[in-house]
Amino acid sequence: MKEENSSDKQILIIGGGPAGLTAAYELLKSGVRSIVFEQDEVVGGISRTINFKNYYFDLGGHRFFTKVKAVENMWREVLGEAFLLRDRLSRIYYNKKFFYYPLRPMNALLGLGVWNSILIVTSYLYAQLFPAREEETLEQWVSNRFGQRLFKIFFKTYTEKVWGMPCSEIRGEWAAQRIKGLSLVTALKNALVGNENGNKDNVVKTLIDQFDYPKFGPGMMWQEVADIVRKMGSQVWLGARIEGIRWSGDRIEALEVNRNGQIETVSGTHVISSMPIREAIQKFKPEVPKEVLEAAEDLKYRDFLTVALIIRKDHLFPDNWIYIHDPDVKVGRIQNYKNWSPYMVPDSNHTCLGLEYFCFEGDDLWSMRDDELIELGKRELDALGLVNQKDVEDGKVVRMPKTYPVYDSTYGKSLEVIRRFLGEIKNLQLVGRNGMHRYNNQDHSMFTAMLAAENILGANHDLWKVNVEQEYHEEIRDEVQVEKFLRRAFSKMDKLSFATAVGTVSGLAIFLATVFLVLKGGKVVGPNLALLGQYFFGYTVTFKGAWIGFTYSFFWGFIFGWLFAYLRNLSLAYMIYRARRKAQALTFKYFIDNF
Amino acid sequence: MAQEILTEEEKLLFQGTLWLNPRMIGLSVGLIMGGAVFVATNFLLIKGGYISASGEYVVGPHLLLLSQFLIGYKVSFFGSIIGFFYGFAIGTLSGATVGWLYNKILELRKRRL
């Protein structure tokens, strides 16, 4: 990294999460210093790791897996050998039983019982034969793919816990938007050029069975980045809350930062913001036009709290995390941090579980006292049959507002209005999950920040294309080529054309061979070729026979060609059918993991 | 059936028609045919022949019939190389013709549709 500040650039970065810190880190590589403003007392944003009595826990799970080379390189540069390669296991916990997803026949049969399994299969077949014509709601979208029964057991409760609204009110379009990347083409591609356990460059992100993970959780990564950034001359202000964003014309002129109750005004030439768009727009001074403000207020977020419980048990279940589909409890997901990394607990005789509750800031759950939440967590673990509440020794609650940007029916239009307005402000760039109101994972958030840093240095990237137009990444451009190849390889062969072509060439071959021998002459003309007459009645090695041979040969060639093309298409159709089934199964997995 | 689940991308996959590359098909068929003559000839050479009633050592009398069309071909190692070239030439011509004809017929059919 270059050490001196290269220019008259004054870079202000709002947010000390993965996006903000990545931007600061990348700028330093070109000698450009910056100031990062983080409103909390710790860096990492949603990717932070909390240390409670030497038990480490995350807010959600953060697997380190990416297809973006630059992000992978940064992880390695910063943490080097501190990464552990971990096996992934996550299952659905329902009715006191664990279920793999996509469902495995024996596991489902034993877990759900014979009668329930029959009903599931029947409802699945019904959905395949008579799907709902409209897919307006999420309920219809899922039921069309997996059947009503499976929807009720494995999708409804959990989805409603995560988003806090009935599935009948969530638009199907939302699911279609979120559950992408598992098309038939992708499944075929995986079948042909990669496999689930193989090279990770070749597989869809969520299919991996292993992932990298820092010894002490993702917070280790961001703490380290913050240390490097500070050492290299940039500043990271903790407990620094943005109170105002002063703008004029097409520029942001300064930020009003509240630190320890004191408001400081910090001027800058460039601003990178990862703070939630809604909040950012509300901080503009002077106020933004009314329609922009209304659009910002229309953006919604889902919030999240973790109740970490320390349990006097060395082993509870082998999963990294489990999804709780029982409707009788409020907990949505349970992380077992020890299974992410053994270093996350100080004592191997204890386990630390993170009970994750999805809520809205200010609702009943959010407003409960910490001790009440810990009691709720204990009761629910007991009710689920996972832990005897007497074994719970201690607990800690962490609330994380605005964890998930909500993609409801109006967010797209609102975001468009905001983007149009912010697009006019030349020295402001939005990055990260909340900064762009986009459900980015850590790697995409980092990548937007890297591109933002490059833009400051003179590049001209469109950050909104990251994670939308996949071709943006070079390696994914290769995948587009693979898709083109697949389309060609899986196209149907035209049976009639192929049959006619093969028939014609076969007929010509016999015709020419016969004529050649006739012209060549001899005592006995073509005695061996004449043996064809045993099959081709009426064929002789004569000019007339050449035409008869042509006709016979054309006929058989035509039959052979037609059958060849038919069988070729049939085998490809079977392959497509298998891939389609697999894609459906993977959609199940993707839905549970990402929706 | 569950038609509604198909994405645009998947529809393209199902609706596409295969166009052949005559050069590649010609080359492939040519190599297969040339290789077949070469291997068949050498297989007979290694297997060995027999002494006929007239005291002549005979190897592969039936394969030798190819020489009626492939002038210069013999069941010998040198003959197998000549046979390879003949096989390659005929195979290439046949394969390329099949590919070319297939594309032409398909083009005509598509134009009519």
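Model, not experiment: these values are computed from the prediction. (Residues numbered from 1 in each chain as written. Chains lettered and ligands numbered in written order. Predicted model: local features only at pLDDT ≥ 70, side-chain atom pairs only at ≥ 80, totals over all residues. Heavy atoms only, no water.)

Undergrad: Before we go on, may I ask you to explain the overall build of chain A in this structure?
TA: Helix and strand content of chain A: 19 helices and 20 strands. Buried residues in chain A amount to 55% of all 595 residues. (Helix = DSSP H or I, 4+ residues; strand = E, 2+ residues; numbered from the N terminus. Buried < 20%, exposed > 50% of the residue type's maximum accessible area, 1.4 Å probe, protein only.)

Undergrad: Would you mind showing me how to read empty space enclosed by the protein here?
TA: In this approach, a probe sized like a water molecule rolls over the atoms, and the result shows the empty space that is left. All names here are of chain A. Here the structure, examined in full by the defined rule, presents 1 cavity of 30 Å³ or more. The wall of the largest cavity is formed by Ile-14, Ile-245, Ser-273, Ala-280, Phe-284, Leu-422, Leu-428 and Leu-430. For the lining of the largest cavity, the class distribution of residues is 7 nonpolar, 1 polar and no charged. (1 Å grid on protein atoms, 1.4 Å probe; cavity = no way out; pocket = protein on both sides within 12 Å on 5 of 7 lines; lining within 4 Å. Points joined across faces, edges and corners; volume = space filled by probe spheres on them. Nonpolar A, V, L, I, M, F, W, Y, C, P; charged D, E, K, R; others polar.)

Undergrad: What am I meant to see in a nonpolar patch on the surface here?
TA: Taken together, Phe555(A), Trp556(A), Ile559(A), Trp562(A), Leu563(A), Tyr566(A), Leu567(A) and Leu570(A) make up a surface patch of nonpolar side chains, about 770 Å² in accessible area. Note that Ile559(A) resides in helix H19 (residues 543-594). (Patch = residues over 30% accessible without salt bridge, like charges linked within 9 Å, V, L, I, M, F, W, Y side chains within 5 Å. Areas by Shrake-Rupley, 256 points an atom, 1.4 Å probe, with all protein chains shown as cover. Salt bridge = Lys/Arg side-chain N within 4 Å of Asp/Glu carboxyl O.)

Undergrad: In this structure, what is going on with the side chain of Lys378(A)? I would like to understand it.
TA: Residue and element names in this part refer to chain A. Mapped onto the elements, Lys-378 comes out in helix H14 (residues 370-384). Of the polar contacts made by the side chain of Lys-378, one reaches the side chain of Glu-375; its length is 3.2 Å. When residues no more than four places from it in sequence are discounted, the contact partners of Lys-378 are Leu-309, Gln-389 and Val-392. (Polar contact = N/O pair within 3.5 Å; in protein donor to acceptor, adjacent residues only side chain to side chain. Contact = heavy atoms within 4.5 Å.)

Undergrad: Any chance you could explain the sheet that holds strand E11 (residues 251-259) of chain A here in plain terms?
TA: Two orientations exist for strands paired in a sheet by backbone hydrogen bonds: parallel and antiparallel. As summarised here, the arrangement of the 4 strands in space is E12-E11-E10-E14 (chain A), forming an open sheet in which the pairing is mixed. The open sheet has two free edges, formed respectively by strand E12 (262-267) and strand E14 (284-285) of chain A, since each of these has just one partner strand. (Pairing = 2+ DSSP bridges.)

Undergrad: Hey, could you run me through the confidence of the model for chain A in this one?
TA: Note that predicted coordinates carrying low pLDDT should not be read in detail. Residues and elements named next belong to chain A. When pLDDT is averaged along chain A, the result is 87, and 90% of the positions lie at 70 or above. In the model of chain A, helix H17 (residues 474-489) stands out as the element of lowest mean pLDDT, 61, in contrast to strand E1 (residues 11-14), which has the highest, 97. For the stretch residues 195-207, pLDDT sits under 50, and the model shows 34 contacts to residues farther than four places along the chain or on other chains. Confidence drops under pLDDT 50 across residues 469-476; counting only partners more than four residues distant or on other chains, this segment forms 17 contacts. (pLDDT = per-residue confidence, 0-100.)

Undergrad: I'm lost on the pairing of strand E18 (residues 351-359) of chain A in this one. Help?
TA: Residues and elements named next belong to chain A. In terms of burial, E18 is a largely internal element, 9 of the 9 residues being buried. The side-chain alternation of E18 yields two buried faces, one formed by Thr-351, Leu-353, Leu-355, Tyr-357 and Cys-359 and the other by Cys-352, Gly-354, Glu-356 and Phe-358. Strand direction decides the pairing type here: strand E17 (residues 333-336) and E18, joined by 4 bridges, are antiparallel. Note on E18: the bridge partner recorded for Gln-335 is Gly-354.

Undergrad: Explain the pattern of salt bridges here, please?
TA: Side-chain pairs of opposite charge can arise whenever the charged atoms involved come near each other. Residues and elements named next belong to chain A. Summed over the entire model, instances satisfying the criterion amount to 26 salt bridges over all chains. Residue Glu-72 is joined to Arg-76 by a salt bridge in which the shortest nitrogen-to-oxygen separation is 3.4 Å. Residue Glu-72 and its partner Arg-76 are both found in helix H2 (residues 69-79); the two are separated by 4 residues, about one turn of the helix. Taking the relative accessible area as the measure of exposure, Arg-76 reaches 34% and is therefore partly exposed.

Undergrad: In this structure, what is going on with the nonpolar core? I would like to understand it.
TA: In a soluble, globular protein the nonpolar side chains are often hidden away together inside. Ranked by internal contacts, the top residues of the largest apolar core, which has 128 residues, are Phe37(A), Phe154(A), Ile281(A) and Phe284(A). Judged by nonpolar contacts, the second largest core, of 27 residues, contains Tyr93(A), Trp366(A), Leu381(A) and Leu386(A). (Core = buried A, V, L, I, M, F, W, Y, C linked by side-chain atoms within 4.5 Å.)

Undergrad: When you look at the packing of aromatic side chains in this model, what are you seeing that I'm missing?
TA: Two aromatic rings, taken as a pair, are described by how far apart their centres are and by the angle between their planes. All names here are of chain A. Taken as a whole and judged by the stated rule, the model has 45 aromatic pairs over all chains. Taking the centre distance of 5.9 Å and the plane angle of 40° together, the rings of Phe-57 and Tyr-337 count as tilted. One end of the pair, Phe-57, is in strand E4 (residues 55-58); the other, Tyr-337, is in helix H12 (residues 337-340), with 280 residues separating them in the sequence. Both residues of the pair, Phe-57 and Tyr-337, count as buried. These aromatic residues form a ring-pair network of at least three members: Tyr-158, Trp-163, Phe-211, Tyr-213, Phe-304, Trp-321, Tyr-323, Trp-340, Phe-358, Tyr-404 and Tyr-439. Of note, Arg-104 hangs over the ring of Tyr-100, and the distance from its end group to the ring centre comes to 3.8 Å. Looking at Arg-302, its charged tip hangs above the ring of Phe-360, at a distance of 4.2 Å from the centre. (Phe/Tyr/Trp six-rings, centres within 6.5 Å; stacked < 30°, edge-to-face > 60°. Lys NZ or Arg CZ within 6 Å of the ring centre and 35° of its normal.)

Undergrad: Explanation requested: the packing of helix H1 (residues 18-29) of chain A against H2(A) in the structure shown.
TA: Each pair of packed helices can be summarised by the angle the axes make with each other and by the distance between the axes. Residue and element names in this part refer to chain A. Taken N-terminus to C-terminus, the directions of H1 and H2 make an angle of 85°; their axes are 13 Å apart at the nearest point. Between H1 and H2, the angle falls in the class roughly perpendicular. Contacts between H1 and H2 pair Thr-22, Tyr-25, Glu-26 and Lys-29 from the former with Met-74, Glu-77 and Val-78 from the latter. In terms of residue class, the contact of H1 with H2 is built from 3 nonpolar, 1 polar and 3 charged. (Axes fitted to C-alpha atoms, helices over the stretch in contact; angles between N-to-C directions. Parallel < 35°, antiparallel > 145°, perpendicular 65-115°, else oblique.)

Undergrad: Explanation requested: the sheet that holds strand E16 (residues 321-324) of chain A in the structure shown.
TA: All names here are of chain A. On the basis of which strands lie adjacent, the open sheet formed by 7 strands has the order E7-E6-E16-E17-E18-E15-E19 and mixed pairing. The open sheet has two edge strands with one neighbour each: strand E7 (97-99) and strand E19 (392-405). If you compare each strand with its neighbour and ignore which way they point, the axes differ by 25° on average. With 3 bridges joining them, strand E6 (residues 90-94) and E7 adopt antiparallel strand pairing. Counterpart to Tyr-93 in the pairing with E7 is Phe-98. In this fold helix H3 (residues 105-112) packs onto E6 and E7, with an angle of close to 155° to the strand it touches most, E7.

Undergrad: Explain H3(A) here, please?
TA: An α-helical turn contains 3.6 residues, so a residue and the one three or four places further along point in the same direction. All names here are of chain A. Listed as buried for H3 are Asn-107, Ala-108, Gly-111 and Leu-112. Take H3 and look down its axis: the buried residues cluster within an arc of 100°, on one side only. Counted as exposed and oriented over 90 degrees from the buried face of H3: Pro-105, Met-106 and Leu-110. Summarising the contacts, the buried residues of H3 are in contact with E6, E7, helix H4 (114-129) and helix H6 (148-163). Looking one or two residues beyond H3, the residue adopting positive phi is Gly-113, at roughly 90°. (Arc of directions from axis to C-beta.)

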